[in-house]
Amino acid sequence: MKEPLLFVKDLHAWYGDSHILQGVSLSVWKGGASVILGRNGAGKTTALKTIMGLVQRHSGLVRLETLRLDELPAYRVARAGVAYVPETRGVFPSLTVQENLTVSARTTQGDWSMERVFDTFPRLAERRGHKGKWLSGGEQQMLAIARALMTNGRLLMLDEPTEGLAPNIVEELNNLLRDLLDDGLSLLLVEQNFEFATNLSNEIYVLGKGRVQWSGSASDLIENGDVTRTWLGV
Ligand SMILES: Nc1ncnc2c1ncn2[C@@H]1O[C@H](COP(=O)(O)OP(=O)(O)OP(=O)(O)O)[C@@H](O)[C@H]1O
Ligand SMILES: [Mg+2]
């Protein structure tokens, strides 16, 4: 039987008095990709942040295999094997590509060394001496992902990785994520790019008003005009 790597049940989160997540449940299977789709303000980023331990007031169950994450601070969630690339990407503008990678590398041994990163991302290798602020949007996204990979986690969470990227870079990103999945990594993706999401994943969660309004396979979603019109505006 398939086993979830990440299991989230009845997750609630608040910012002050605002009850943002109102009972979100989802799974990411080992070696699989799950995608959270939803309109602006649906609570997608909040869901990733809450899983990561970055939203203070929350309740519900978050489990990575048998380990409870929901009571852990963010650095312990990261150490447990969850890598997170925020929407803002978090590239240090005045550090070079190489320095950006060095500052976040784990001291523990893992599969992702600097050499492997540069093999996987030839453009980053070419630009290893360039400062973060001189990189294109696509290069910054690749750097942010490379940096997350160097923490050698088992689950990679990406918040709208295709945002602002040219179509050819989106395709490159798609190929990269497929390779990472083939390699055994698991993904939890937040997206507004419907085509990218449904191409990459068969485990779709449609978030609306802080709740999972629909979940199922990409092909079922594509056929379900009511859901896409009401909750995605596609
Ligand atoms: N730090 C915060 N303090 C208070 N309210 C917040 C905070 N961050 C987000 N919110 C509110 O929580 C709700 C969900 O926001 P969230 O950023 O999770 O949505 P989203 O689905 O990621 O949207 P987008 O597609 O625009 O990125 C919104 O109503 C937003 O205004
Ligand atoms: Mg967001």
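Residues numbered from 1 in each chain as written. Chains lettered and ligands numbered in written order. Predicted model: local features only at pLDDT ≥ 70, side-chain atom pairs only at ≥ 80, totals over all residues. Heavy atoms only, no water.

Thoughts on the packing of aromatic side chains
Each pair of aromatic rings is reported with the distance of its centres and the angle of its planes. Going through the model one piece at a time under the given rule, you end up with zero aromatic pairs. Here Arg 57 stacks its cationic end above the ring of Trp 14, 4.2 Å away from the centre of that ring. A cation over a ring is seen here: Arg 116 above Trp 112, with NZ or CZ 3.8 Å from the ring centre. (Phe/Tyr/Trp six-rings, centres within 6.5 Å; stacked < 30°, edge-to-face > 60°. Lys NZ or Arg CZ within 6 Å of the ring centre and 35° of its normal.)

Here we look at the sheet that holds strand β5 (residues 67–68)
The four strands are arranged β2-β1-β4-β5 in an open sheet whose pairing can be described as antiparallel. Whereas interior strands pair on both sides, the edge strands pair on one side only; in this sheet they are β2 (18–29) and β5. Examined bridge by bridge, strand β1 (residues 4–15) and β2 share nine bridges and lie antiparallel to one another. Bridge assignment links Phe 7 to a residue of β2, and that residue is Ser 27. (Pairing = 2+ DSSP bridges. Helix = DSSP H or I, 4+ residues; strand = E, 2+ residues; numbered from the N terminus.)

Observations concerning the site of ligand 1
Residues in close proximity to ligand 1 total 13 residues, the closest being Gly 41, Lys 44, Thr 45, Thr 46 and Gln 192. Between Gln 192 and ligand 1, the recorded distance is 2.9 Å, taken from a side-chain N or O atom to an oxygen atom. When ligand 1 is considered free in solution it has 630 Å² of accessible area, and contact with the protein chains removes 59% of it. When residues in the shell around ligand 1 are grouped by element, the largest group, three residues, is from helix α1 (residues 44–52). Grouping the amino acids of the shell around ligand 1 by side-chain chemistry returns three nonpolar, six polar and four charged. (Near = heavy atom within 4 Å. Polar contact = N/O pair within 3.5 Å; in protein donor to acceptor, adjacent residues only side chain to side chain. Areas by Shrake-Rupley, 256 points an atom, 1.4 Å probe, with all protein chains shown as cover. Nonpolar A, V, L, I, M, F, W, Y, C, P; charged D, E, K, R; others polar.)

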